[in-house]
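Tertiary structure, described
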Amino acid sequence: MEYRRLGRSGLQLSVLSFGSWVTFHGQVEDNTADELMGIAYDKGINFFDNAETYANGESELMMGRVLKKKNWDRSTYVVSSKAYFGREEKPRPNQTGLSRKHLVEACNEALGRLQLDYLDLYFCHRPDPNVPIEEVVWTMHNIIQQGKALYWGTSQWSAAEIMEAHKVAQQYCLIAPVMEQPQYNMFERFKMEQDYLPVFRSVGLGTTIWSPLAAGFLSGKYLNGIPKDSRFSMPGYEWLVKRWLQEDRIEKTRKLADLAKKIGVSLPALAIAWTIRNPETTTTAILGATKKEQLLENLKALDVPLNKEILDEMEGILQNKPHLDLQ
Ligand code: NDP
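I will try to describe carefully the structure that is included in this document. (Residues numbered from 1 in each chain as written. Predicted model: local features only at pLDDT ≥ 70, side-chain atom pairs only at ≥ 80, totals over all residues. Heavy atoms only, no water.)

The next thing to look at is the environment of Gly97. Along the chain, Gly97 turns up in the loop between β5 (78-83) and α3 (100-114). Accessibility expressed as a relative area gives 5% for Gly97, which makes it buried. Considering only alpha carbons, one finds Gly97 and Tyr84, 13 residues apart in sequence, at a separation of 4.3 Å. Excluding anything up to four places from it in sequence, Gly97 contacts Tyr84, His102 and Asp128. (Helix = DSSP H or I, 4+ residues; strand = E, 2+ residues; numbered from the N terminus. Buried < 20%, exposed > 50% of the residue type's maximum accessible area, 1.4 Å probe, protein only. Contact = heavy atoms within 4.5 Å.)

Attention now moves to the packing of aromatic side chains. Within a pair of aromatic rings, the relevant descriptors are the distance that separates the centres and the angle that separates the planes. Within the structure shown, the criterion is met by 15 aromatic pairs. Aromatic pair Tyr41 and Trp72: ring centres 3.8 Å apart, planes at 10 degrees, arrangement stacked. Here Tyr41 is found in helix α1 (residues 30-42), whereas its partner Trp72 is found in the loop between α2 (58-70) and β5, with 31 residues between them in sequence. You can call Trp72 buried: its relative accessible area is 15%. The structure contains a cluster of three or more aromatic residues connected by ring pairs, namely Tyr41, Phe48, Trp72 and Tyr77. The aromatic ring of Trp274 is capped on one face by Arg277, whose charged end is 3.9 Å from the ring centroid. (Phe/Tyr/Trp six-rings, centres within 6.5 Å; stacked < 30°, edge-to-face > 60°. Lys NZ or Arg CZ within 6 Å of the ring centre and 35° of its normal.)

Right, let's talk about the sheet that holds strand β3 (residues 16-19) for a bit. Taking strand neighbours around the barrel as the criterion, the 8 strands line up as β3-β4-β5-β6-β7-β8-β9-β10 in a closed arrangement whose pairing is parallel. One ladder, built from 5 bridges, connects strand β6 (residues 119-124) with strand β7 (residues 149-154); its direction is parallel. Paired with Tyr122 across the two strands is Trp152, which belongs to β7. (Pairing = 2+ DSSP bridges.)

So, about the pattern of salt bridges. Under the definition given, this model contains 19 salt bridges. For the salt bridge of Arg87 with Glu88, the shortest nitrogen-to-oxygen distance reads 3.7 Å. Residue classification places Arg87 among the partly exposed positions, given a relative accessible area of 28%. Glu88 sits in the partly exposed class, given a relative accessible area of 33%. Notably, a salt bridge pairs Asp229 with Lys291, separated by 3.2 Å at the nearest N-O pair. (Salt bridge = Lys/Arg side-chain N within 4 Å of Asp/Glu carboxyl O.)

In this structure, His25 takes a positive phi of about 75 degrees despite not being glycine. Here His25 is to be found in the loop between β3 and α1. One non-glycine residue, Asn94, lies in positive phi territory at about 80 degrees. Along the chain, Asn94 falls in the loop between β5 and α3.

The volume enclosed by the largest pocket comes to roughly 1100 Å³. Lining the largest pocket are 50 residues, and of these Trp21, Val22, Ser211, Arg231 and Tyr237 lie nearest its centre. For the lining of the largest pocket, the secondary-structure elements that each account for two or more residues are α8 (238-244), β10 (284-287) and α11 (292-299). The space that makes up the second largest pocket amounts to roughly 240 Å³. Along the walls of the second largest pocket sit Tyr184, Met192, Glu193, Leu197, Arg277, Asn278, Thr281, Glu315, Lys321 and Pro322, which together make up its complete lining. Classifying every residue of the lining of the second largest pocket gives 4 nonpolar, 2 polar and 4 charged. (1 Å grid on protein atoms, 1.4 Å probe; cavity = no way out; pocket = protein on both sides within 12 Å on 5 of 7 lines; lining within 4 Å. Points joined across faces, edges and corners; volume = space filled by probe spheres on them. Nonpolar A, V, L, I, M, F, W, Y, C, P; charged D, E, K, R; others polar.)

Let us look at the site of the ligand. Lining the immediate surroundings of the ligand are 31 residues, of which Gln27, Asp49, Ser211, Lys221 and Thr290 lie closest. The side chain of Gln181 places a nitrogen or oxygen atom 3.0 Å from a nitrogen atom of the ligand. Between the ligand and Ala214 there is a distance of 3.3 Å, counted from an oxygen atom to a backbone nitrogen or oxygen. Burial of the ligand by the protein chains amounts to 96% of its free accessible area of 910 Å². When each cavity is represented as a set of grid points, the ligand is found to reside in the largest pocket. Partitioned by chemical class, the residues of the shell around the ligand number 11 nonpolar, 15 polar and 5 charged. (Near = heavy atom within 4 Å. Polar contact = N/O pair within 3.5 Å; in protein donor to acceptor, adjacent residues only side chain to side chain. Areas by Shrake-Rupley, 256 points an atom, 1.4 Å probe, with all protein chains shown as cover. Sits in = over half its atoms within 2 Å of the grid points.)

Moving on, we get to the pairing of β10. Residues of β10 alternate between two faces, with Thr284 and Ile286 on one and Ala285 and Leu287 on the opposite face, all of them buried. Across 3 bridges, the pairing between β3 and β10 is parallel. Pairing of Leu16 across the sheet is with Ala285, part of β10. The pairing of strand β9 (residues 206-209) with β10 spans 2 bridges and is classified as parallel. When the bridges of β10 are listed, Ile209 appears paired with Ala285.

Another point: the state of the cysteines. For the structure shown, the criterion picks out 0 disulfides. Not part of a disulfide, Cys124 finds its nearest cysteine sulfur in Cys107, a span of 11 Å. On the basis of relative accessibility, which here comes to 0%, the residue Cys124 falls in the buried class. Cysteine Cys173 remains unbridged, with the sulfur of Cys124 as its closest cysteine sulfur at 20 Å. (Disulfide = S-S within 2.5 Å.)

Printed below as a string of structure tokens:
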């Protein structure tokens, strides 16, 4: 396993990590969660991703039970939580968002569910236009000062929003965000390959990227319909089907599958390898899996021999590289 520094922080994360969205509680029970986290840890994965909103808190409860049972040395792994969406079906005011009240309460509750003394990473799960950025930065600074989290970051913020947080942190000598959690895969490239470039260069930014397989689409499993036991077949996830099962994307994925075959690797391994190809931008790609076989296959991304020729061939198929207009 390769380890990369999270932005300009001193923390090292495995280049592949493991997350629980949709899967924990929604698709798998404790025994499978235990098996998957065990495989991940044994293969050198040291970062486990979670959020208050995943299965309305049940995902953190499940991960907490597994961690307790595993009894791994706390210094060997990194756990995250994220606040913003809340965990109520019908939230009341202050049960969502980035107010000081919600960020503090969500942190305390996540620690309780995960049965941990501190979170390693604490994310603002989305930007919140209703809360002054000063309130967010002061709150995250104080949570870290209290020892309840070690590093803070953002998820799906724009470069401008991240820079605003840095400005405030600099102005008041507060701890600034060190990481961002954006979606990044072969069909979702703008933030990582264009918007964040000035942030990487000026203040530094670690990235814990999500949906490297586009929620499973880039595994190639949906090229001939929707398998019965897959994420796209689940009630409530029709929006994912609409997002990913589009004719041009299906066509390109077919060609990528042919290319993967030609170079002797699986499509999911190729797709994940592509997301971690640049150590200057991607710190870690968070894997999701419902089955042991998927996780083991995806870990092969570490051995895919990506070179310029293959990358060029992939660009030729994708035709979606963002480009900076420097005029
Ligand atoms: P992926 O895009 O990798 O999708 C994972 C899913 O694809 C699996 O659960 C499985 O679903 C299917 N799959 C995975 N590998 C294979 C394979 N080899 N063959 C066939 N099917 C496969 O990642 P996720 O969308 O799960 O995101 C990863 C993590 O990122 C999440 O767990 C979460 O921690 C984080 N995240 C963060 C977000 C944010 O806003 N910050 C948003 C979303 C995710 P199935 O078997 O059910 O089809």
